[in-house]
Structures are given as C-alpha cells and as structure tokens.
There are 2 protein chains.
Amino acid sequence: MAGQKNKVTIFDVAKASGVSSSAVSYALNNKPGVSEATRAKVLKIARDLGWKPNGAAQSLARSNTSRIGVVLAREETQLLSVEPYMMELLAGLGTELEQHDYSILLRFAVGRDAEMAILKDWIATGNVDALLLVNLEMDDPRVELLKNNPEMPVLALCDPSLSGGLPVMRSLDMQAVTRAVSYLHDLGHERIGRVGGPESFGHSYIRDAAFSDAAAELGVRYRCLHADYTPSGGIEATKRLLSVSPRPTAIIYDNDVMALAGMGIAREMGFDIPGDLSIMAWDDSFMCTAVFPHLTVMGRDIVGSGRRAAQLLLKIIDGEQVDVADEAPYDLRERASTGPVPAETANR
Amino acid sequence: MAGQKNKVTIFDVAKASGVSSSAVSYALNNKPGVSEATRAKVLKIARDLGWKPNGAAQSLARSNTSRIGVVLAREETQLLSVEPYMMELLAGLGTELEQHDYSILLRFAVGRDAEMAILKDWIATGNVDALLLVNLEMDDPRVELLKNNPEMPVLALCDPSLSGGLPVMRSLDMQAVTRAVSYLHDLGHERIGRVGGPESFGHSYIRDAAFSDAAAELGVRYRCLHADYTPSGGIEATKRLLSVSPRPTAIIYDNDVMALAGMGIAREMGFDIPGDLSIMAWDDSFMCTAVFPHLTVMGRDIVGSGRRAAQLLLKIIDGEQVDVADEAPYDLRERASTGPVPAETANR
DNA sequence: TTGTATGCGTTATCAA
DNA sequence: TTGATAACGCATACAA
C-alpha cells in the first residue's frame with residue numbers, strides 16, 4: 001500500500017511530448033543531448049503531468065541513494081543522555097543536507113552488536129551513500145569494519161587518535177580544556193575538580209589527558225571522577241569531591257545535567273555558588289541559562305558542526321580526500337556560576 | 001562512489017547453486033515454489049557468498065521502501081526547543097521499527113513551506129512508506145495535503161479535532177490537566193497560574209481549554225500566559241504572573257525549561273519553593289531531577305509513545321483501519337517543588 | 001539532435 | 001518444482 005499516487009513515468013511524459021524517453025531523461029536532468037526547444041517542452045509537460053522521479057528507480061540506475069546513515073546506539077537500560085547534543089548535531093546535519101537533496105537515514109540500535117549489524121547491512125545493501133559515526137569509544141569495532149570496507153564513505157566524529165585513519169572531524173577539546181583551566185586559575189582557583197563522562201567514551205579520555213596536562217602546567221591541583229551523565233551520577237561525584245580536605249574551589253562537569261545536579265547538591269550542602277564554589281559545564285543548552293545562577297560553560301556551535309559534517313561527507317562521497325577537519329573552536333561563555341576565590345573561604 | 005562492495009547478486013548465487021535466479025529469489029524470500037532441498041542449498045550458498053539484497057532494486061520491484069518519513073520543522077531563528085521530547089519520541093519510534101526492518105527517514109525543514117515541499121516530494125517519489133506528522137498546528141496545511149493523497153499512509157500526533165479525520169494518536173492531555181489542577185487544589189491552591197507554549201500549537205490550545213474547564217469546575221482562579229518554551233519566555237511570564245495581586249500560589253509550565261527558569265526567577269524575587277510558591281512542569285526530563293528542589297511533573301512514557309506510533313504506522317501500512325489511538329496516560333510525579341499553601345503567605 | 005536498446009538487481013508471471 | 005522472461009522506472013552508451 002505504499003505511496004506513489006503519481007504513476008506518471010518518463011514514458012508518459014515522452015508520449016505526451018512526442019519524443020523518446022531518453023530525450024525526456026536528458027531534458028529533466030539538465031544534460032546535453034536535447035535541443036533547448038524540446039527541453040523546454042518536455043519540462044513543461046512533465047510539470048503539467050505532475051511527474052516526479054521514482055526514488056527507487058533513480059537509486060537503482062544511478063546507484064546512489066542521496067541518504068546519509070546515522071546509527072544512534074542506546075544502552076540496554078536507558079537513553080544515552082547526550083540528547084541535546086545529538087539533536088542539535090542532527091539538525092545541523094539535516095539542514096545542510098537539505099541544500100543538496102540528501103536525507104538522514106536514522107536507526108536506533110540497542111547495544112553495540114546491533115549497531116554493528118546495521119552498519120554491515122548498510123554496507124552490503126547500499127541503502128546509504130555514506131555514514132556518520134558518532135560517540136566513538138576506544139578500540140571501537142566500527143573503525144575496523146569501515147577500514148575493511150573502504151568503498152563506503154564515512155566520517156567519524158572523534159579525535160584522530162581513535163579513528164585509525166578514517167576521515168575525521170575533531171572537536172578542539174584540548175585547547176578548550178586549556179582555556180577553561182587557565183580561566184579558573186586566573187580567578188584564583190588552585191584546586192579544581194572535574195566530573196567527567198564515562199571513561200569508555202573517546203572524548204572523555206581525550207579530556208582526561210588534556211586536563212591533567214593543563215593543570216600540571218599551571219600548578220593547579222586537579223582531581224577527576226567519572227560518572228554517567230545522569231543527575232545521580234553528578235550528585236554522587238560532587239559529594240565525593242567536596243568531602244575531601246582541602247576541597248576543590250571549582251568543579252567542571254562534562255555535561256550540563258551533571259553540572260545542574262552538582263550545583264544543586266552543593267547548595268544543599270551549604271555552599272554558595274559562586275561565592276564558595278565555582279561551577280562550569282561542558283556544552284551549552286537552554287538549561288544553562290534557565291537555572292540561577294546561569295551556568296558558565298565551554299560552548300560550541302553544535303549545529304554548525306553538524307553542517308560542517310554534512311559538507312565533509314558530501315566531499316567524501318565526491319571522492320575528495322579528507323583526513324582531519326576541525327570543528328569550530330569552543331568559546332568560554334562566562335556567566336554567573338563562576339567567580340573568584342574569596343581568600344577566607346578558600347580552605348574551608 | 002556509493003557503497004556496495006558486495007557485488008554479489010542473485011544471479012551469482014544462482015550460478016553457484018546451479019539453479020535459476022527466480023528459484024534463488026523464492027528461496028531467499030521464504031516463498032513456495034522451490035523444494036526444501038534447493039532452498040537450503042541456496043540459502044547456504046547465499047550466506048557463503050555474502051549476498052545481501054540491493055536496497056534500491058528491492059524497493060523498485062516491491063514498490064515499498066521500509067522507511068517511515070519524519071520532517072522536523074525549525075523556525076527561521078532557532079531550534080524548536082522541544083528537543084528532549086522529540087529525541088525520545090524518535091528513539092521509541094526507531095527502536096520499535098528496528099524489529100520490523102524499518103528505518104526513519106529524517107529531514108529538517110526551515111519553515112512550514114519547506115516542510116510542505118518535502119512532504120509533497122515524498123508523496124510523489126515514494127521515498128517513504130508512511131509519514132509521521134508531529135507538532136500539528138491549528139488548520140495545519142499538512143492535514144489537507146494528506147487528505148488529498150489518501151494513498152500515503154500517515155499518522156498524526158495530535159488531538160483528533162485537529163487531524164480532519166486522519167489517523168491519530170492522541171495524548172491524554174485533558175485528563176492530565178484535570179489531575180494536575182485537582183492535585184494543586186487538594187494542596188489548598190486556589191489561584192493557579194500557567195505558562196503555556198505557543199498558542200499556534202495544537203496541544204497548547206487543547207490544554208488551554210482543559211485548564212479553563214478544570215479550574216472552573218473546582219472554583220480555582222486560573223490565569224494563563226503563553227510563551228515560547230525558552231528560559232527568557234518563562235522568566236518574563238513568571239514575573240508577570242507574580243506581579244499581580246493576589247498572586248497565584250502555584251504555577252504550571254508547559255515544558256521543563258520554562259519551569260526551571262520560572263523557579264529560578266521566583267527565587268531571585270524572594271519566593272521560597274515550595275513554601276511560598278509551588279512549581280509544576282509538563283513532561284519529565286533529566287533536568288527535572290537535576291535541579292533542587294526536584295520538579296513535580298506530569299510525566300508520560302514518551303519512548304513508549306514512539307513505539308506505539310511505530311506499531312500503528314505499520315498497521316496502517318498493512319491497510320488496517322486506524323482512527324484514534326491513545327497514548328499511555330500521564331502520571332503525576334510528585335517531587336519537592338510543590339507543597340501546601342501556608343495560610344499566612346497565601347495572600348502575600 | 002534524436003531514438004533504440006540495454007543495464008541496474010529484484011520480484012513476479014507464466015510456461016515448461 | 002523449475003527456468004526463462006517480463007516488469008519496476010530511470011539512466012546512458014550507442015546508433016541513427
């Protein structure tokens with residue numbers, strides 16, 4: 001019962017125009033091989049008849065699909081709670097693809113095995129022209145799979161160290177980390193805590209190293225705990241960070257939800273934000289300016305990254321060589337949740 | 001440069017098996033017409049050769065695509081800030097579709113015209129087997145379009161009063177509104193404010209009416225302002241609601257972001273939550289339990305709704321009649337942001 | 001410039 | 001039970 005009310009084919013158009021189907025095809029695709037007169041006539045008749053190309057037939061003949069594949073993997077239990085990021089990325093990707101008549105083919109996998117099965121299916125069936133790989137982990141099996149199938153265009157969103165040579169768009173986490181740490185250091189903070197995302201995630205790992213380096217560079221004491229992006233994870237980690245003495249005077253969270261939860265529990269524990277404790281989050285969202293005090297964040301143009309990814313993918317599909325591209329850099333969005341360390345409370 | 005390393009076709013399988021291509025097709029599709037012996041042989045050889053059906057060819061021959069189309073419309077300026085809802089819905093939809101080898105074909109439109117163009121394209125090209133319509137507005141042109149193209153299966157997520165007879169899955173907003181109002185009334189609240197979503201949205205309108213009715217029923221004073229789902233919108237509306245005398249003792253927000261922002265500004269204004277003012281939000285998210293006090297919400301199983309929508313769509317594709325289906329009901333998730341009205345502050 | 005013929009990979013019809 | 005063969009709708013090499 002599929003769609004397709006429109007049973008008008010190029011043969012119908014050809015008959016109505018008094019020319020052959022190939023002439024119609026040339027005319028409709030703006031290719032040489034027909035006179036301007038017949039082209040115009042064919043175009044008019046095609047429009048009058050309401051002709052539109054059949055997608056499947058076009059795909060079969062051209063052997064391309066005008067679709068980019070994205071698999072979102074959920075864990076068994078719950079949604080990967082990076083939704084605001086993912087949605088913005090998809091929006092940027094989709095908006096840019098729209099300019100080129102490309103679509104996003106989206107699938108949800110429960111578990112890594114299911115994700116691999118989908119990717120293998122796409123490689124074999126040719127249901128997408130290219131793949132966007134997100135949320136890469138260390139030694140990710142997807143990298144191996146796509147290196148073994150070099151004919152499938154792909155772009156990975158991760159650090160080049162994780163992609164095994166696949167084309168990559170990387171986020172500039174390193175310099176952002178340096179910026180964040182020196183910002184807090186400039187405010188007088190000498191003990192900084194961090195609540196990172198799951199250790200298996202590639203970007204958690206990358207940030208781990210960058211934070212250690214930046215802190216060492218500036219002589220800042222740095223302690224990191226890993227959590228799972230959820231409120232309870234953020235609360236637990238915050239409690240632990242604040243229970244040691246001397247406690248950190250600033251905490252950076254890998255996402256907004258944990259930052260919000262951390263700020264909340266810190267207040268419940270009697271800390272004033274930012275008087276006693278400065279709070280920073282990674283990645284911006286509506287949430288960050290909905291809460292009081294507004295959260296200082298390291299933000300970036302995620303929608304823009306999605307658009308850039310689309311452009312890169314189209315290039316790769318075109319056969320252009322892409323190795324490593326950069327996202328737009330992060331910028332520090334200073335708001336009310338961070339401030340200088342008051343001398344008298346610093347060692348409380 | 002499209003994918004398709006696997007140039008193994010059914011002809012290759014046929015040759016290797018020593019049978020004809022049609023026999024192979026029957027065998028692979030579990031259809032009668034071949035003996036069990038040859039079926040088994042063909043299946044084995046197909047697997048050994050790594051054969052997978054070509055998607056485009058299959059679509060063309062079967063004239064179906066195994067894809068459900070979803071268009072997300074963004075306004076000119078910014079993302080529609082219902083992202084957490086949308087992402088969960090897509091996750092449910094996609095997870096269920098996965099069981100039936102269906103995918104989501106996702107496109108992002110900027111503006112309603114672009115969205116209409118995409119839908120028309122899909123109807124003509126047959127690039128999807130069915131459509132899911134979300135975020136319906138009053139007198140939505142999409143309804144008209146799909147009524148004029150009854151051969152395209154469709155499910156709308158809205159109140160039946162908005163769908164013009166198209167198959168619908170409706171959310172049970174009416175009873176949820178009644179529940180919310182009576183919950184607050186039972187706590188002693190006699191003046192309730194509300195910050196709704198944009199008036200053009202169908203569900204805003206539905207809730208408007210339901211709130212008015214429920215408030216009148218219980219003799220509760222009710223005042224509603226409409227905002228745009230953003231923090232600043234929530235803040236502005238909250239200020240206005242609290243600036244009149246006597247002020248409401250409870251405010252219900254149509255989304256979590258506005259509730260968070262409203263709670264924040266109310267505190268800045270000196271109100272204790274929930275001592276002086278009770279706050280409730282519509283739809284649950286991580287945000288609601290990340291903030292202190294945790295937000296009392298009217299929640300629902302959005303992922304489940306997505307799954308249900310998938311099941312309905314597959315039914316509709318199968319030619320089954322679907323008129324009006326219900327989402328799972330909302331449930332009141334009582335947390336710390338709501339409480340009784342202290343007599344002495346009630347008229348402050 | 002135009003038309004004919006064939007390929008794309010499956011599914012489905014119809015003889016054998 | 002089998003195996004040619006014709007759709008499916010479009011693109012294109014080749015011949016006219």
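Residues numbered from 1 in each chain as written. Chains lettered and ligands numbered in written order. Predicted model: local features only at pLDDT ≥ 70, side-chain atom pairs only at ≥ 80, totals over all residues. Heavy atoms only, no water.

Let us now look at the overall build of chain A. Helix and strand content of chain A: 13 helices and 12 strands. For chain A, the C-alpha radius of gyration of 26 Å lies well beyond 20 Å, the compact-globule estimate for 348 residues. In terms of overall dimensions, chain A has a C-alpha envelope of 90 × 40 × 40 Å along the principal axes. The proportion of buried residues among the 348 residues of chain A is 57%. Restricting to contacts in chain A with at least 6 residues of sequence separation, those with at least 24 account for 72%. Here chain A displays about 14,000 Å² of accessible surface, and carbon together with sulfur accounts for 51% of that area. Averaging the coordinates of the 35 positive side-chain charges in chain A and doing the same for the 45 negative ones gives two points 7 Å apart. (Helix = DSSP H or I, 4+ residues; strand = E, 2+ residues; numbered from the N terminus. Rg over C-alpha atoms; globule rule 2.2 N^0.38 Å. Buried < 20%, exposed > 50% of the residue type's maximum accessible area, 1.4 Å probe, protein only. Contact = heavy atoms within 4.5 Å. Areas by Shrake-Rupley, 256 points an atom, 1.4 Å probe, with all protein chains shown as cover. Lys, Arg positive; Asp, Glu negative; His and termini not counted. Charge placed at Lys NZ, Arg CZ, Asp CG, Glu CD.)

Laying chain A over chain B is done by rotating through 180° and shifting 0.0 Å along the axis; what remains is an RMSD of 0.1 Å. Classification of the inter-copy transformation places it as that of a two-fold axis. A shared binding surface is used by both copies, with 100% of the interface residues of chain A retained as interface residues in chain B. (Least-squares fit on C-alpha atoms with pLDDT ≥ 70 in both.)

As a further point, take the layout of surface pockets. Considered as a void within the structure, the largest pocket measures approximately 1,300 Å³ in volume. Around the largest pocket, the lining comprises 43 residues; the ones closest to its centre are Pro 53, Asn 54, Gly 55 and Gln 58 of chain A together with Thr 125 of chain B. For the lining of the largest pocket, the elements supplying multiple residues, two or more each, are helix H2 (21–28) and helix H4 (55–62) of chain A together with helix H4 (55–62), strand S2 (103–110) and helix H6 (112–125) of chain B. It is H4 of chain A that contributes the most residues to the lining of the largest pocket, 7 residues altogether. (1 Å grid on protein atoms, 1.4 Å probe; cavity = no way out; pocket = protein on both sides within 12 Å on 5 of 7 lines; lining within 4 Å. Points joined across faces, edges and corners; volume = space filled by probe spheres on them.)

Time to look at the protein's contact with DNA strand D. As a matter of local geometry, DNA strand D sits amid 27 residues, with Ile 10 and Lys 31 of chain A together with Ser 20, Ser 22 and Gly 33 of chain B nearest to it. Each atom of DNA strand D within 4 Å of the protein belongs either to a base or to sugar and phosphate, the latter forming 64%. Between a base nitrogen of DNA strand D and a side-chain N or O atom of Tyr 26 of chain A, the distance comes to 3.3 Å. Between a phosphate oxygen of DNA strand D and a side-chain N or O atom of Arg 62 of chain A, the distance comes to 3.2 Å. Contributions of two or more residues to the surface near DNA strand D are made by helix H1 (10–17), H2 and H4 of chain A together with H4 of chain B. The leading source of residues in the surface near DNA strand D is H4 of chain A, at 4 residues. Its residues assigned to classes, the surface near DNA strand D shows 11 nonpolar, 12 polar and 4 charged. (Near = heavy atom within 4 Å. Polar contact = N/O pair within 3.5 Å; in protein donor to acceptor, adjacent residues only side chain to side chain. Nonpolar A, V, L, I, M, F, W, Y, C, P; charged D, E, K, R; others polar.)

Residue-level contacts link 71 residues of chain A with 71 residues of chain B. Among the residues of chain A in contact with chain B, Met 87, Phe 108 and Phe 286 of chain A are the three that bury the most area, contributing 13% of the side total. Taken together, the connections running from chain A to chain B amount to 4 salt bridges. The closest approach of N and O atoms between Glu 98 of chain B and Arg 107 of chain A, which form a salt bridge, is 2.5 Å. Our enumeration of links across chain A and chain B arrives at 9 residue pairs in polar contact (both at pLDDT 80 or more). The leading source of residues in the side of chain A that touches chain B is helix H5 (residues 83–98) of chain A, at 9 residues. Partitioning the side of chain A that touches chain B into residue classes produces 35 nonpolar, 22 polar and 14 charged. (Buried area = accessible area lost by both parts, 1.4 Å probe. Salt bridge = Lys/Arg side-chain N within 4 Å of Asp/Glu carboxyl O.)

When its domains are assigned, chain A resolves into domain 1 (10–62), domain 2 (67–171 + 302–330) and domain 3 (173–299 + 332–346). Of note, the centres of domain 1 of chain A and domain 3 of chain A, computed from C-alpha atoms alone, are 61 Å apart. (Domains from an automatic or database assignment.)

Secondary-structure assignment places Arg 191 of chain B in strand S6 (residues 191–196). A polar atom in the side chain of Arg 191 of chain B sits 2.8 Å from the backbone oxygen of Arg 247 of chain B.

A word on the environment of Ala 250 of chain A. All names here are of chain A. On the secondary structure map, Ala 250 appears in strand S8 (residues 250–253). A residue is classified by how much of its surface remains accessible, and Ala 250, at 0% relative accessible area, is buried. Distance from Ala 250 to Asp 139, taken between C-alpha atoms, is 33 Å for residues 111 residues apart in sequence. Not counting residues within four places of it along the chain, the set of residues in contact with Ala 250 comprises Leu 184, His 189, Arg 191, Ile 192, Gly 193, Leu 277 and Ser 278.

Looking at DNA strand C, there are 27 residues lining it, with Gly 33, Ser 35 and Thr 38 of chain A together with Tyr 26 and Lys 31 of chain B nearest. Restricting attention to atoms of DNA strand C within 4 Å of the protein, one finds that 61% of them are sugar or phosphate atoms. A distance of 2.8 Å separates a phosphate oxygen of DNA strand C from a polar atom in the backbone of Ser 35 of chain A. Interatomic distance of 3.4 Å between a side-chain N/O atom of Arg 62 of chain B and a phosphate oxygen of DNA strand C.

For the rest of this paragraph, the subject is the pattern of salt bridges. Here the structure, examined in full by the defined rule, presents 40 salt bridges over all chains. Arg 170 of chain A is paired through a salt bridge with Asp 326 of chain A; the nearest N and O atoms lie 2.6 Å apart. With Arg 170 of chain A in strand S5 (residues 168–170) and Asp 326 of chain A in strand S11 (residues 324–326), this pair connects stretches of sequence that are 156 residues apart. The class for Arg 170 of chain A is partly exposed, based on a relative accessible area of 29%. Looking at Asp 326 of chain A, the relative accessible area reads 34%, which means it is partly exposed. With a closest N to O distance of 2.5 Å, Glu 115 of chain B and Arg 112 of chain B form a salt bridge. Placement of the pair is Glu 115 of chain B and Arg 112 of chain B together in helix H6, with a separation of 3 residues, close to one helical turn. On the basis of relative accessible area, Glu 115 of chain B is assigned to the buried category, the value being 2%. Classification of Arg 112 of chain B as partly exposed rests on a relative accessible area of 22%. A single salt-bridge network, built from bridges that share partners, covers Arg 112, Glu 115, Glu 137, Asp 140 and Arg 142 of chain A.

Next up on the list: the sheet that holds S6 of chain B. Residues and elements named next belong to chain B. Strand order across the open sheet formed by 6 strands is S7-S6-S8-S9-S10-S12, with mixed pairing between neighbours. Each having just a single partner strand, strand S7 (221–226) and strand S12 (331–333) make up the two edges of the open sheet. The average undirected angle you get between the axes of adjacent strands in this sheet is 20°. As paired elements, strand S8 (residues 250–253) and strand S9 (residues 278–282) share 4 bridges and run parallel to each other. Bridged to Ala 250 within S9 is Ser 278. This element, helix H9 (residues 202–218), spans S6, S7, S8 and S9 of the sheet and lies at about 165° to S7. Where helix H11 (residues 256–268) meets the sheet, it contacts S6, S8 and S9, and its direction lies at approximately 165° from that of S9. (Pairing = 2+ DSSP bridges. Axes fitted to C-alpha atoms, helices over the stretch in contact; angles between N-to-C directions.)

Here we come to the sheet that holds strand S5 (residues 168–170) of chain B. If you trace the 12 strands from one edge of the open sheet to the other, you get S11(A)-S5(A)-S4(A)-S3(A)-S1(A)-S2(A)-S2(B)-S1(B)-S3(B)-S4(B)-S5(B)-S11(B), paired in mixed fashion. With partners counted over all chains shown, the strands left at the sheet margins are S11 of chain A together with strand S11 (324–326) of chain B, one partner each. The average undirected angle you get between the axes of adjacent strands in this sheet is 25°. Sheet topology places strand S1 (residues 67–74) of chain B next to S2 of chain B; 8 bridges connect them, and they run parallel. From the neighbouring strand, Leu 72 of chain B faces S2 of chain B, where its bridge partner is Phe 108 of chain B.

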